[in-house]
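# Architecture at a glance
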Amino acid sequence: MPETGPPSVRSEGTIYHVKRGREGTVMEIEDFCLWYELAQALFNVSMGVEKGLVTALIGPSGCGKSTLLRSINRMNDLIDGVKVSGQMLVEGFDIYGPGVDVIALRKTMGMVFQKPNPFPMSITDNVTYPLKVDGITDKRVLAQTAETALKAAALWDEVKDRLHENALGLSGGQQQRLCIARAVAGDPDVLLMDEPCSALDPVATGKIEDLIDELRGKYTILIVTHNMQQAARVSDNTAFMYLGRLIEYGLTSTIFTNPRVEKTMEYVTGRFG
């Protein structure tokens with residue numbers, strides 16, 4: 001399909017401050033494009049995601065950051081008329097290649113959404129739901145997994161005496177940490193977070209950010225955030241997107257203090273967005 005877009009944006013190549021080779025990366029995105037029917041939403045995005053680090057996707061509303069995130073676990077497949085080109089390689093495996101088991105792929109990627117979405121069941125059943133879907137019924141395994149995941153989500157001490165209560169009775173921040181516990185219970189390779197703090201108050205947001213820092217190294221984390229201060233606090237690398245294009249990608253400290261692209265500077269200094 002022909003490439004479209006404003007010439008002023010199209011003429012700019014992406015500036016990279018991180019290596020794009022496969023060494024140390026868990027994911028390689030190469031010339032990835034996506035269309036909703038005839039409307040192109042992503043234009044030739046290429047980037048490597050470093051293993052064990054936190055990578056933030058930032059940019060103004062409608063820039064394509066959530067679309068890119070949801071392409072990684074192929075959630076956009078659920079939308080009629082979506083077409084893609086290019087490659088997404090996870091551990092060298094093309095996730096858009098022929099014969100890919102999309103269900104199995106999604107099991108390797110925990111997903112945390114913008115609003116907490118606990119199931120109307122007990123706290124324990126929420127966490128162990130991914131295991132039960134896979135047919136695991138051993139009560140000892142389920143109980144140990146629930147405890148391990150809740151501890152990983154920094155929630156165990158708050159709920160260990162309420163494990164059989166309905167998860168909907170938790171506060172918003174606790175519900176979001178529960179959703180993170182559910183995401184890690186399946187032992188994913190990658191955690192995808194789509195603005196996980198946008199519906200939370202500052203105290204709950206701080207706990208989620210502390211949790212992300214604790215999970216660093218155990219998981220490769222990609223987080224979409226509209227909050228630039230949050231991206232600066234929690235991420236190792238930052239990708240700035242604009243009008244469906246990856247404009248600049250590199251160390252978070254570089255993106256926020258010494259970007260090489262004028263458009264990046266304008267965004268991180270609040271001149272638009």
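Right above here is the structure, for reference.
Nothing here was measured: the structure is a model prediction, and the numbers come from that model. (Residues numbered from 1 in each chain as written. Predicted model: local features only at pLDDT ≥ 70, side-chain atom pairs only at ≥ 80, totals over all residues. Heavy atoms only, no water.)

Spatial strand order, β1-β11-β10-β4-β9-β8-β7: 7 strands in an open sheet with mixed pairing. Sheet topology places β1 (15–16) and β7 (109–112) at the edges, where each strand pairs with a single neighbour. Contacts between helix α2 (residues 65–72) and the sheet are confined to β4 (54–58), β7, β8 (190–194), β9 (220–224) and β10 (237–242), with β8 contributing the most and set at about 150 degrees to the helix. Taken strand by strand, helix α8 (residues 202–215) contacts β4, β8 and β9, and its axis lies near 150 degrees from that of β9. (Pairing = 2+ DSSP bridges. Helix = DSSP H or I, 4+ residues; strand = E, 2+ residues; numbered from the N terminus. Contact = heavy atoms within 4.5 Å. Axes fitted to C-alpha atoms, helices over the stretch in contact; angles between N-to-C directions.)

Tallied over the entire structure, the rule returns 5 aromatic pairs. Taken together, a centroid distance of 5.1 Å and an interplanar angle of 25 degrees make the contact between Phe-240 and Tyr-267 stacked. Residue Phe-240 is found in strand β10, and its partner Tyr-267 is found in helix α11 (residues 262–268); the two are separated by 27 residues along the sequence. Residue Tyr-267 is classed as buried on the basis of its relative accessible area, which comes to 4%. Here the aromatic rings of Tyr-242 and Phe-272 are separated by 5.5 Å at their centres, their planes lie at 70 degrees, and the arrangement is edge-to-face. (Phe/Tyr/Trp six-rings, centres within 6.5 Å; stacked < 30°, edge-to-face > 60°. Buried < 20%, exposed > 50% of the residue type's maximum accessible area, 1.4 Å probe, protein only.)

Attention now moves to the packing of helix α7 (residues 172–185) against α8. A pair of packed helices can be characterised by two numbers: the angle between their axes and the separation between those axes. Interhelical geometry of α7 versus α8 gives an angle of 20 degrees and a closest axis separation of 9 Å. Considering their axes alone, α7 and α8 lie roughly parallel with respect to each other. For the crossing formed where α7 meets α8, the hand is right-handed. Listed contacts from α8 to Gly-173, Gln-176, Arg-177 and Ile-180 of α7 are Ala-204, Lys-207, Ile-208, Leu-211 and Leu-215. For the contact of α7 with α8, the class distribution of residues is 5 nonpolar, 2 polar and 2 charged. (Parallel < 35°, antiparallel > 145°, perpendicular 65-115°, else oblique. Left-handed = near helix turned anticlockwise from the far one by under 90°. Nonpolar A, V, L, I, M, F, W, Y, C, P; charged D, E, K, R; others polar.)

Before going further, it helps to examine the sheet that holds strand β2 (residues 25–36). One open sheet accounts for 4 strands, arranged β3-β2-β5-β6; its pairing is antiparallel. Edge positions in the sheet fall to β3 (39–50) and β6 (93–94), since each has one partner strand and no second. Sheet analysis places β2 next to strand β5 (residues 82–90), joined by 8 bridges and oriented antiparallel. Within β5, the position partnered with Tyr-36 by the bridge is Val-82.

The subject of this paragraph is unusual backbone geometry. Glycine aside, residues mostly have negative phi, and peptide bonds are mostly found in the trans state. With a phi angle near 60 degrees, Arg-74 is a residue other than glycine that sits in the positive phi range. Here Arg-74 lies in the loop between α2 and β5. Given a relative accessible area of 14%, Arg-74 falls into the buried group. For Asp-187, which is not a glycine, the phi torsion comes out positive at approximately 55 degrees. With respect to the secondary-structure elements, Asp-187 resides in the loop between α7 and β8. A residue is classified by how much of its surface remains accessible, and Asp-187, at 59% relative accessible area, is exposed.

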